[in-house]
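# Coordinate inspection notes
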Amino acid sequence: MPADPVAIARDLVRCRSVTPDEGGALGFLQGLLAQAGFDVHRAVFAEPGTAPVDNLYARIGLARPNLLFAGHTDVVPPGNEASWSHPPFAGEVASATLFGRGAVDMKGGIACFIAAALDYLDAHGGKPKGSISLLITGDEESIAVNGTVKLLKWAADRGEKFDNCVLGEPSNVEVLGDTIKAGRRGSLNGTLIVTGRQGHVAYPERADNPIRGLNVLIAALQTPLDAGSEHFSPSNLEFTSVDVGNPTVNLIPGEARARFNIRYNDRHSQSALKTLIEKRAQAAAAGRVNFAIEWQPSNADVFVTEPGPFTALAITAIAEVTGRTPKLSTSGGTSDARFIKDYCPVLEFGLVGQTMHAVDERAPVADLITLTAIYRRMIERYFG
Ligand SMILES: [Zn+2]
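Okay, so let's go over this structure. (Residues numbered from 1 in each chain as written. Predicted model: local features only at pLDDT ≥ 70, side-chain atom pairs only at ≥ 80, totals over all residues. Heavy atoms only, no water.)

A word on the environment of Glu-320. Within the element layout of this structure, Glu-320 appears in helix α7 (residues 309-322). Taking the C-alpha atoms as reference points, Glu-320 and Ala-373, 53 residues apart in sequence, are found 9.8 Å from one another. Aside from chain neighbours lying at most four places away, what touches Glu-320 is Arg-377 and Arg-381. Engagement of the side chain of Glu-320 in a polar contact is seen with the side chain of Arg-377, the distance being 3.1 Å. (Helix = DSSP H or I, 4+ residues; strand = E, 2+ residues; numbered from the N terminus. Contact = heavy atoms within 4.5 Å. Polar contact = N/O pair within 3.5 Å; in protein donor to acceptor, adjacent residues only side chain to side chain.)

Pasting the structure below:
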């Protein structure tokens, strides 16, 4: 009997695996994969100041190539459960649609990949021609420090090598088959701090209001960073908060701050971007504004997966099943692909993202079946 992606997705949704809780989700997958002959490992990672998080790595086969499927079983909280039309952790199927937190992001994707892999194994005497691996974390939706980044390192230390990876995040925009994500922009956070001299508002000549200087620098830093590149839209710096924290009406503050985030493309490296911003601020300050920029550490570098044979294979598999030719996109926020790209080329392809993180998150049963067929064809072509 072929594996049923809807049943697997439903059982996963029923696990209350809000980050950092495992919620039974990895235990469930472990049982399923072990039964199919996978060698399954669990690894709990922790570090000071963070909650320990459970992760899973499974592999079947010893030979190369090793096709890796990556994903996360953790989900964001459901919010007010009363506003859901079906309880968020009940895994109810109604109107041919699976409802529940994680149905789209991304328990549905994991279920489809596993169903496809089990079906492939069933058709090939229980063994792939190379290897199929799964790298499943419970730490993606939160700070992502005890998940994929550490699990990849753990696997590499064991001598695991990966040839290609599909990350099953909901990559499609409107309809299944419209988009593969083949890279992501980088993300960098900074704080601009202007120092003046505190004083009485009635005697401004004795003070130096830092808000004036902050205005000048904010305006200067909002000029375009570039015009985009072959694979990316233009980089963007966005101010997210302007803070003086002055509760007093007759006081000129001594310091003013503004926080900003930059989403940047492959025309910049992190360090070059920092230099560019600091130079622009310096030019605008013209020696008259006393400022500093504090940069927060970032593990979200820009990357692009250049089209190659595996991208072509994925596009063909999607087109064969859906009749659509997906476009290669680098839009959206960051994902664990930023860590995987250091080990092997990675593409992101999963369900349609419309309802992810929303009330009544849901995946049509038809989409779960179609996505399984796409993954099945990818696996077949990969080892064919
Ligand atoms: Zn996700």
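Back to the text.
With that settled, the discussion passes to the coordination of the zinc ion. In an ideal octahedron of six donors the angles at the metal are 90 or 180 degrees, and in an ideal tetrahedron of four donors they are 109.5 degrees. Protein-derived ligands of the zinc ion are His-72 (NE2), Asp-105 (OD), Glu-169 (OE) and Glu-169 (OE), with the metal-ligand distances lying across 1.8 to 2.7 Å. For the zinc ion, the 4 donor atoms are set out with angles of 52 to 143° between them, so the coordination reads as irregular. Donor residues for the zinc ion sit on one chain with the sequence pattern H-x32-D-x63-E. Of this pair, His-72 sits in strand β3 (residues 66-72) while Glu-169 sits in the loop between β7 (164-167) and β8 (179-181); the two residues are 97 residues apart in sequence, bridging distant segments of the chain. When its relative accessible area of 1% is taken as the criterion, His-72 is described as buried. The exposure class of Glu-169 is buried, given its relative accessible area of 8%. (Donors = N, O, S within 2.8 Å, 3.2 Å for Na, K, Ca; no water. Tetrahedral: all angles 85-135°; square planar, octahedral: opposite > 155°, others 65-115°. Buried < 20%, exposed > 50% of the residue type's maximum accessible area, 1.4 Å probe, protein only.)

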